[in-house]
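For reference, the chains in residue letters:
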Amino acid sequence: MQEYQKLVEAGALRPDDHQTRIIQKLQGLHDALAVYDPPPAETPSLFSRLFSRPAPNALNTGRPQGLYLYGDVGTGKTMLMDLFYNTLPTRVTRKRRVHFHAFMVDVHKRMHAAKAAGAGDPLVPVARDLANEARVLCLDEFQVTDIADAMILRRLLDALLEHGVVCVFTSNRHPDELYKNGIQRASFLPAIDLLKTQLNVTDLDSDTDYRRVPRALSHAYFSPLNSVTRAAIDAQFAALTEGIPIQDGKTIRLWGRHLTVPRCAGHVAKFTFVELCGRPLGAADYLELTQRFGTLFVTDVPRMGLGEKDKARRFITFIDACYESKTRLFISSEVSILEIFSDDSSNAPGVLVSDHMRAIMDELDLPAEVVGAASMFNGEEELFAFARCCSRLVQMGSAEWMEHAGRR
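A short tour of the structure in this document, coming up. Only a predicted model underlies this, so the values are computations on that prediction, with no experimental measurement involved. (Residues numbered from 1 in each chain as written. Predicted model: local features only at pLDDT ≥ 70, side-chain atom pairs only at ≥ 80, totals over all residues. Heavy atoms only, no water.)

## Points about unusual backbone geometry
Omega for the bond connecting serine 223 with proline 224 falls within 30 degrees of zero, at -5°, which places this linkage in the cis form. With a phi close to 60°, glutamate 141 is a non-glycine residue in the positive phi region. Positionally, glutamate 141 belongs in the loop between strand 3 (136-140) and helix 7 (147-162). For glutamine 184, which is not glycine, the phi torsion reads 55° and is therefore positive. Within the secondary structure, glutamine 184 is located in the loop between strand 4 (166-171) and helix 8 (189-198). (Helix = DSSP H or I, 4+ residues; strand = E, 2+ residues; numbered from the N terminus.)

Structure below.
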């Protein structure tokens, strides 16, 4: 609470009564953790696993109730989580703060290794090791879109809570809205019940979008595509790599396959849009790429219409990875950065824009032409992802972001 008040007094945050109430909940959990002694995470015996099962309330014994903070884009979820994590009591030495995508990538890697080592049920040692490594687990952007994740999460959450791990999650969605219409969703419903009964589910929505608080803009985005902007972005790349040997066509290994980095120097790399989003790469690939390179250049980003929907989805996934990894990003594009998802057909007469889409755009204070992207993004999950991407691009183009991002 004291750190939050300091940020408000310094003008870094605006006074927000609703957010203050959330801070008070985080302060309560902070105080409980100051006196919490978690039990050792041990692997249960074969007998106990086969013939015993903790009662539902057993999960609550002695463990402070965690938090599930949910709200729309720009409500300060990540900022509040980081504030909580960075001010945890000094006695909490085993803690972890990670993006949900990166966490699940790690879980799948661990389960693969445990299975290769002969574990009959790989989730058991994985949950034990995760619990021993982090007694407080903070997951940002909790969202379930993959059936493999959905099938794992119920048992994994159950095991972590049973081991005494205190969880703090942020999400765009109320637990009841997670994995909505997903394949075999009925198998995921017990995980939703766990989230609702074992965590304090709290709505974060307020009237302030913290990503739209005015910031001085840095020259991170270049448009349109012409000789002037190409020269400008090339000059920026040259300035950041001065004195560092340039490597062309460097090959790196990502998840068992090879990716060619067209041009790089140290922790700076340069791709064209097609090289980065024109091939079947996923969140795990982009996360690993952003962890290797603190600064990334993406050139020749086109205005994307319905014909480029797969590329647009990959670009959004890439932006999410850059944001989570605090990557410094430079982009050259055919149109202004916030118009790249607005295909010409969407602005044609007779094309209707949904009220939901307009509401999201209004909340983010995005220009009218961006609303044209409604013809490309029409599902609930896609709307959230699109809105989040636009909001993050604004934040990542600020001088403040450029000053602090890119450190590896």
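## Examining the sheet that holds strand 6 (residues 221-222)
Backbone-to-backbone hydrogen bonds join strands into a sheet, with any given pair of strands oriented parallel or antiparallel. If you trace the six strands from one edge of the open sheet to the other, you get 6-11-10-9-8-7, paired in mixed fashion. The open sheet is flanked by strand 6 and strand 7 (247-254), the only strands paired with a single partner. The sheet contact formed by strand 7 and strand 8 (residues 257-265) spans seven bridges and is antiparallel. Opposite lysine 250, over in strand 8, you have valine 261 as the bridge partner. The strands that helix 9 (residues 227-240) touches are strand 6, strand 8, strand 9 (268-272), strand 10 (295-301) and strand 11 (328-333); relative to strand 10, the one it contacts most, it runs at about 165°. On the sheet, helix 11 (residues 283-292) packs against strand 7, strand 8, strand 9 and strand 10 and is oriented at approximately 130° with respect to strand 7. (Pairing = 2+ DSSP bridges. Contact = heavy atoms within 4.5 Å. Axes fitted to C-alpha atoms, helices over the stretch in contact; angles between N-to-C directions.)

## Digging into helix 12 (residues 309-324)
Helix length check: helix 12, at 16 residues, gives a terminal C-alpha distance of 23 Å against a target of 22 Å (1.5 Å per residue), a fit within 8%. Counting buried residues in helix 12 gives twelve out of 16 residues, a clear majority hidden from the surface. (Expected span 1.5 Å × (residues − 1). Buried < 20%, exposed > 50% of the residue type's maximum accessible area, 1.4 Å probe, protein only.)

## What about the environment of leucine 161?
Its location among the elements puts leucine 161 in helix 7. As a C-alpha pair, leucine 161 and glutamine 198 span 37 residues in sequence and 8.2 Å in three-dimensional space.

## Section: the pairing of strand 8
Alignment of strand 8 against strand 9, held across three bridges, turns out to be antiparallel. Bridging across to strand 9, alanine 265 finds its partner in valine 268.

## Observations concerning the sheet that holds strand 4
With parallel pairing, five strands are arranged side by side in an open sheet as 2-3-4-1-5. The two strands at the open ends of the sheet, each matched to only one other strand, are strand 2 (95-99) and strand 5 (199-203). If you compare each strand with its neighbour and ignore which way they point, the axes differ by 10° on average. Bridge count for strand 1 (residues 66-70) against strand 4 is four bridges, and the pairing is parallel. In the strand pairing of strand 4, tyrosine 68 is matched with phenylalanine 169. Packing of helix 5 (residues 100-116) onto the sheet brings it into contact with strand 2 and strand 3, and relative to strand 2 it is tilted by some 110°.

## A short note on the packing of helix 6 (residues 123-133) against helix 7
One can describe the packing of helix 6 onto helix 7 by two numbers: an axis separation of 9 Å at closest approach and a directional angle of 50°. Compared by their axis directions, helix 6 and helix 7 come out oblique. Between helix 6 and helix 7 lies a crossing of right-handed hand. Contact residues: Leu123, Ala127, Leu130 and Ala131 in helix 6; Ile152, Arg155, Leu156, Ala159 and Leu160 in helix 7. (Parallel < 35°, antiparallel > 145°, perpendicular 65-115°, else oblique. Left-handed = near helix turned anticlockwise from the far one by under 90°.)

## Thoughts on the nonpolar core
Within the largest apolar cluster, 90 residues are counted, with the highest numbers of intra-cluster contacts made by Phe142, Phe315 and Phe318. Once residues within four sequence positions are removed from consideration, phenylalanine 142 is found in contact with Tyr68, Phe100, Leu153, Phe169, Thr170, Ser171, Leu178 and Leu195. In terms of nonpolar packing, the next biggest core, distinct from the first, is built from 20 residues, Phe84, Tyr85, Leu88 and Val166 among them. (Core = buried A, V, L, I, M, F, W, Y, C linked by side-chain atoms within 4.5 Å.)

## A short note on a nonpolar patch on the surface
On the surface, Ile147, Met151 and Ile183 cluster together into a nonpolar patch covering about 250 Å² of accessible area. Among the secondary structure elements, methionine 151 is positioned in helix 7. The class for methionine 151 is partly exposed, based on a relative accessible area of 34%. (Patch = residues over 30% accessible without salt bridge, like charges linked within 9 Å, V, L, I, M, F, W, Y side chains within 5 Å. Areas by Shrake-Rupley, 256 points an atom, 1.4 Å probe, with all protein chains shown as cover. Salt bridge = Lys/Arg side-chain N within 4 Å of Asp/Glu carboxyl O.)

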